[in-house]
Amino acid sequence: MSDSSPLIQARGIQRSYPVGDRTLEILHGVDLDLFPGERLCLMGASGTGKTTLLNILGLLDRPTQGQVHVVGRNGWALSTAERARLRNAHIGYVFQFYHLFAELTALENAMLPAMIQHGPLGYLGKRKVYKERALELLHRFGLSARLKHRPGKLSGGEQQRVAIARSLLLDPPIMIADEPTGNLDQATGEKVLELLFEEQERRGLGLLLVTHDENLGTRCDRVLRMVDGLIQGEERHTREAPSEAEA
Ligand SMILES: Nc1ncnc2c1ncn2[C@@H]1O[C@H](COP(=O)(O)OP(=O)(O)O)[C@@H](O)[C@H]1O
Ligand SMILES: [Mg+2]
C-alpha cells in the first residue's frame, strides 16, 4: 500500500486563530499521508484540532503554515477556482452534521456536486448520467422511498446516507469523514459505518476517518493519535472483520 504515491500528503501543517489581541495556536506542525485503498483513523480528545486538520487536508481551510498535496498537486498554491475543482473531483467529504441543503430533495442534494463541477450549462447535458448515478447510490443505501424528501423529513441516519451518496457522486479517490456517526444513536451509527466501509472497500478509497470509537481502530489499517495539535502516535492493524452482533 505505502509503495504507491499518497493521495494526500501534508507536511508541517500549522494553524492558529487570532482571538482578541492574542493568537491561539491549534496545530503545531502536523505531517500526514493518506494512501490509496487505506483506512486511516484519526483519534483524539475533543478540542485537539482534528476538525481543523481535516478542513485543511480537505482544502476547505487554509493552513497558517505548511503544504497539502492532493493527488500530487499543491492544493493551497492553486487559485480558489482550481482548488475547488481539485477538491470537488477528488475528495468526498462527510460531516458530523450532514450539511445538506434544507430546500433541496434527497436526490437533488446527492446530485449537487455534479452541478458545481460542471456549472449550470455544462450540467444540463450531463444531468441524466448523474441522475442515474445518484439514483443507484440512493437505492443501494436503502433510500428509494425517500428521493423526494427534504432533509427535514429524514431521520439522522437517512440524512447521513444522503450525504455519503453526495460525497461519492463524482467517484472521488478520497473520502474524509469527520465523526460521521457522532450525531447518531449506536445502532444507526453502526449501519452508517458499515455502509462507509463497504464503499471504501468497493471503490478502493483512501478513507480518513475521525472517530471517538476505540473499537473502530481495529477495523482500520492505521490509527493516528492526536494530542494538543500534534500527531503523537501511530498504530498499524490488520483489519478485523465486523462482528455479527454489530452488522
Ligand atoms: N474559528 C475559530 N476561532 C477560534 N478558535 C477556534 C476556531 N475553530 C476552532 N477553534 C478552536 O480550535 C480548537 C480545536 O478545534 P477542533 O479542530 O474543532 O477540535 P476537534 O475537532 O479535535 O474537537 C478548539 O479549542 C476550538 O475551540
Ligand atoms: Mg471535531
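Look a little higher up for the structure.
Below is a summary of the structure that appears in this document.

Here is what the cut-offs are and how they apply
- Residues numbered from 1 in each chain as written.
- Chains lettered and ligands numbered in written order.
- Predicted model: local features only at pLDDT ≥ 70, side-chain atom pairs only at ≥ 80, totals over all residues.
- Heavy atoms only, no water.
- Phe/Tyr/Trp six-rings, centres within 6.5 Å; stacked < 30°, edge-to-face > 60°.
- Buried < 20%, exposed > 50% of the residue type's maximum accessible area, 1.4 Å probe, protein only.
- Lys NZ or Arg CZ within 6 Å of the ring centre and 35° of its normal.
- Salt bridge = Lys/Arg side-chain N within 4 Å of Asp/Glu carboxyl O.
- Helix = DSSP H or I, 4+ residues; strand = E, 2+ residues; numbered from the N terminus.
- Expected span 1.5 Å × (residues − 1).
- Contact = heavy atoms within 4.5 Å.
- Polar contact = N/O pair within 3.5 Å; in protein donor to acceptor, adjacent residues only side chain to side chain.
- Pairing = 2+ DSSP bridges.
- Lys, Arg positive; Asp, Glu negative; His and termini not counted.
- Near = heavy atom within 4 Å.
- Areas by Shrake-Rupley, 256 points an atom, 1.4 Å probe, with all protein chains shown as cover.
- 1 Å grid on protein atoms, 1.4 Å probe; cavity = no way out; pocket = protein on both sides within 12 Å on 5 of 7 lines; lining within 4 Å.
- Points joined across faces, edges and corners; volume = space filled by probe spheres on them.
- Nonpolar A, V, L, I, M, F, W, Y, C, P; charged D, E, K, R; others polar.

## Some remarks on the packing of aromatic side chains
Stage number 1. Applying the stated criterion to the full structure yields one aromatic pair.
Stage number 2. Between Tyr-93 and Phe-95 the ring centres are 4.6 Å apart and the planes differ by 20°, which places this aromatic pair in the stacked class.
Stage number 3. With relative accessibility at 22%, the residue Phe-95 sits in the partly exposed group.
Stage number 4. Sitting over the ring of Phe-197, Arg-39 keeps its end group 4.1 Å from the ring centre.

## Quick word on the pattern of salt bridges
Pairing between side chains of opposite charge can happen when their charged atoms approach one another.
Stage number 1. For the coordinates displayed, the defined rule picks out 16 salt bridges.
Stage number 2. The closest approach of N and O atoms between Arg-225 and Glu-214, which form a salt bridge, is 2.8 Å. Taken as a pair, Arg-225 in strand β9 (residues 222–227) and Glu-214 in helix α6 (residues 214–217) lie far apart in primary sequence, eleven residues in all.
Stage number 3. When its relative accessible area of 47% is taken as the criterion, Glu-214 is described as partly exposed.
Stage number 4. Across the salt bridge formed by Arg-222 and Glu-234, the nearest N and O atoms sit 3.2 Å from each other. With Arg-222 in strand β9 and Glu-234 in strand β10 (residues 230–236), the pair connects residues that are twelve residues apart, well separated along the chain.
Stage number 5. Judged by its relative accessible area of 6%, Arg-222 is buried.

## As for helix α5 (residues 186–203)
Stage number 1. End to end, α5 covers 26 Å across 18 residues, agreeing with the expected 26 Å (1.5 Å per residue, within 8%).
Stage number 2. Packing partners of the buried residues in α5 comprise β3 (39–43), α3 (106–140), α4 (156–168), β7 (174–178), β8 (206–210) and α6.
Stage number 3. Sitting at the amino-terminal end of α5 is Asp-185, which places a side-chain oxygen 3.1 Å from the backbone nitrogen of Ala-187.
Stage number 4. Directly after α5, the chain includes Gly-204, whose backbone phi takes a positive value near 65°.

## Regarding the pairing of strand β6 (residues 91–94)
Stage number 1. The side-chain alternation of β6 yields two buried faces, one formed by Ile-91 and Tyr-93 and the other by Gly-92 and Val-94.
Stage number 2. In the sheet, β6 pairs with β7 via four bridges, with the strands oriented parallel. Directly across from Tyr-93, in β7, lies its bridge partner Ile-176.

## Examining the side chain of Lys-50
Stage number 1. In this structure, Lys-50 sits in helix α1 (residues 50–57).
Stage number 2. No salt bridge forms around the buried Lys-50; measuring N to O, its nearest opposite-charge neighbour Glu-179 is 4.6 Å away.
Stage number 3. Looking at Lys-50, its side chain comes within polar contact range of the main-chain oxygen of Ala-45, at 2.9 Å.
Stage number 4. Those residues in contact with Lys-50, other than ones at most four positions away along the chain, are Leu-42, Met-43, Gly-44, Ala-45, Glu-179, Val-210, His-212 and Met-226.

## A closer look at α4
Stage number 1. Between its first and last C-alpha atoms α4 spans 19 Å; for 13 residues at 1.5 Å apiece the expected length is 18 Å, and the two agree.
Stage number 2. Judged by how many residues are buried, α4 sits mostly within the fold: eleven of 13 residues are covered.
Stage number 3. Buried within α4 are the following residues: Gly-157, Glu-158, Gln-159, Gln-160, Val-162, Ala-163, Ile-164, Ala-165, Arg-166, Ser-167 and Leu-168.
Stage number 4. Of the surrounding secondary structure, the elements contacted by the buried residues of α4 are β6, α3, β7 and α5.

## Describing the sheet that holds strand β2 (residues 22–34)
Strand pairing in a sheet is mediated by backbone hydrogen bonds. Such pairs are either parallel or antiparallel.
Stage number 1. Reading across from one edge, β2-β1-β4-β5 is the order of the four strands in this open sheet, with antiparallel pairing throughout. Each edge of the sheet is formed by a strand with only one pairing partner; in this case those strands are β2 and β5 (73–74).
Stage number 2. Here strand β1 (residues 8–19) runs beside β2; their pairing, made up of ten bridges, is antiparallel. The residue bridging Pro-18 from the neighbouring strand is Thr-23, located in β2.

## Describing the site of ligand 1
Stage number 1. Around ligand 1 sit Tyr-17, Ile-26, Ala-45, Ser-46, Gly-47, Thr-48, Gly-49, Lys-50, Thr-51 and Thr-52, and that is every residue in its neighbourhood.
Stage number 2. Residue Gly-47 places a main-chain N or O atom 2.7 Å away from an oxygen atom belonging to ligand 1.
Stage number 3. At 2.8 Å from an oxygen atom of ligand 1 is found a side-chain nitrogen or oxygen belonging to Lys-50.
Stage number 4. The protein chains hide 60% of the 570 Å² of surface that ligand 1 would expose on its own.

## Description of the layout of surface pockets
Stage number 1. Roughly 450 Å³ of internal volume is contained in the largest pocket.
Stage number 2. Around the largest pocket, the lining is made up of 19 residues, and of these Arg-87, Asn-88, Ile-91, Pro-113 and Ile-116 lie nearest the centre.
Stage number 3. Secondary-structure elements contributing two or more residues to the lining of the largest pocket are α2 (80–90), β6, α3 and α4.
Stage number 4. Split into classes, the residues belonging to the lining of the largest pocket amount to eleven nonpolar, five polar and three charged.
Stage number 5. Here the second largest pocket defines a volume of roughly 220 Å³.

It is worth stressing that arrangement in space is one thing and function is another; only the former is reported here.
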